[in-house]
Amino acid sequence: MEPLKFKIFDLYETENIDVEDQGLKNVINLKSRLILKSHGRNFQKFGQTKINLVERLINRIGVAGHRGKKHKIILGTSTGKYSRNAGIVLEALGLIEKKTGKNPVIAFVKAVEKSAPRDEVTAIEYGGARYPQSVDVSPMRRVNLAIRNLVHGASDKAFNKKKSISQALAEEIILASEGNGESFAIRKKIESEKQADSAR
């Protein structure tokens, strides 16, 4: 008897999606589940690699307006309520499918691959002075930064605008998956890599 094959939310197939970026292959989880809700069970070292990529996006939507240690913008649309955040992501995936005519999870995986920065800058202290130093980004952080920048870009496009957060998120994912320079996440990646180049 064949094992049951689940689709994400019983809508989107994830079985045959290939991650082309070899560095991200082990940290992007596309295991299909009917309901993407791990209830924080994977809160451990490298636990994020066990959480489906779409669920990580749903979790990130809840803190869309936060930048670093500052609460830059508090959005009424994104709350800590999982069902509401999942609704936003589901609507965005539906819009992507309508626009591209393809599986939206493929577009999302491509967007993460293309907007994940490879280098960034950290500060090192040497002889009492602080210097910028370029460092390679770990695979897990690359995925986290890509998802964060996609959500931040979407929240900027939707805040105080006519666009809903779902429309903005769909647009951001499509632009990033094409490697378009209008995408906030792609701009952030280029900026991060340029800073790292000058700090080598």
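Nothing here was measured: the structure is a model prediction, and the numbers come from that model.

Trainee: So what exactly am I meant to see when it comes to the packing of helix H1 (residues 53-61) against helix H4 (residues 139-158) here?
Mentor: For any two helices packed against each other, the geometry is given by the interaxial angle and the distance between the axes. Contact geometry for H1 and H4: axes closest at 10 Å, N-to-C directions at 50°. Taken together, the axis directions place H1 and H4 in an arrangement best described as oblique. Crossing of H1 over H4 shows right-handed handedness. Together, Leu 53, Arg 56, Leu 57, Arg 60 and Ile 61 of H1 and Met 140, Val 143, Asn 144, Ile 147, Arg 148 and Val 151 of H4 make up the contact between the two elements. Across the contact of H1 with H4, the residue classes break down as seven nonpolar, one polar and three charged.

Trainee: Sorry, what's going on with the pairing of strand E2 (residues 129-136) here?
Mentor: The side chains of a regular strand alternate, first on one face of the sheet and then on the other. Pairing of strand E1 (residues 119-126) with E2 involves eight bridges; the strand directions are antiparallel. In the strand pairing of E2, Asp 119 is matched with Asp 136.

Trainee: Even after reading the chapter, I still don't get a nonpolar patch on the surface, so can you show me in this structure?
Mentor: A cluster of nonpolar side chains, Ile 124, Tyr 126 and Tyr 131, forms an exposed patch at the surface whose accessible area comes to about 340 Å². Its place among the elements puts Ile 124 in strand E1. The class for Ile 124 is partly exposed, based on a relative accessible area of 35%.

Trainee: Would you explain the pattern of salt bridges in this entry?
Mentor: Pairing between side chains of opposite charge can happen when their charged atoms approach one another. A full pass over the atoms with the stated rule returns six salt bridges. Salt-bridge contacts for Glu 171 lead to Lys 157; the nearest nitrogen and oxygen are separated by 3.9 Å. Placement of Glu 171 in helix H5 (residues 165-177) and of Lys 157 in helix H4 is noted, with a sequence separation of 14 residues between them. Classification of Glu 171 by relative accessible area gives partly exposed; the value is 23%. Judged by relative accessible area, Lys 157 falls into the buried class, the value being 19%. Close ionic contact of Glu 171 with Lys 163 constitutes a salt bridge, the shortest N to O distance being 2.8 Å. The class for Lys 163 is partly exposed, based on a relative accessible area of 32%. Through salt bridges with shared partners, one network takes in Lys 157, Lys 163, Glu 171 and Glu 172.

Analysis parameters
Residues numbered from 1 in each chain as written. Predicted model: local features only at pLDDT ≥ 70, side-chain atom pairs only at ≥ 80, totals over all residues. Heavy atoms only, no water. Axes fitted to C-alpha atoms, helices over the stretch in contact; angles between N-to-C directions. Helix = DSSP H or I, 4+ residues; strand = E, 2+ residues; numbered from the N terminus. Parallel < 35°, antiparallel > 145°, perpendicular 65-115°, else oblique. Left-handed = near helix turned anticlockwise from the far one by under 90°. Contact = heavy atoms within 4.5 Å. Nonpolar A, V, L, I, M, F, W, Y, C, P; charged D, E, K, R; others polar. Pairing = 2+ DSSP bridges. Patch = residues over 30% accessible without salt bridge, like charges linked within 9 Å, V, L, I, M, F, W, Y side chains within 5 Å. Areas by Shrake-Rupley, 256 points an atom, 1.4 Å probe, with all protein chains shown as cover. Salt bridge = Lys/Arg side-chain N within 4 Å of Asp/Glu carboxyl O. Buried < 20%, exposed > 50% of the residue type's maximum accessible area, 1.4 Å probe, protein only.

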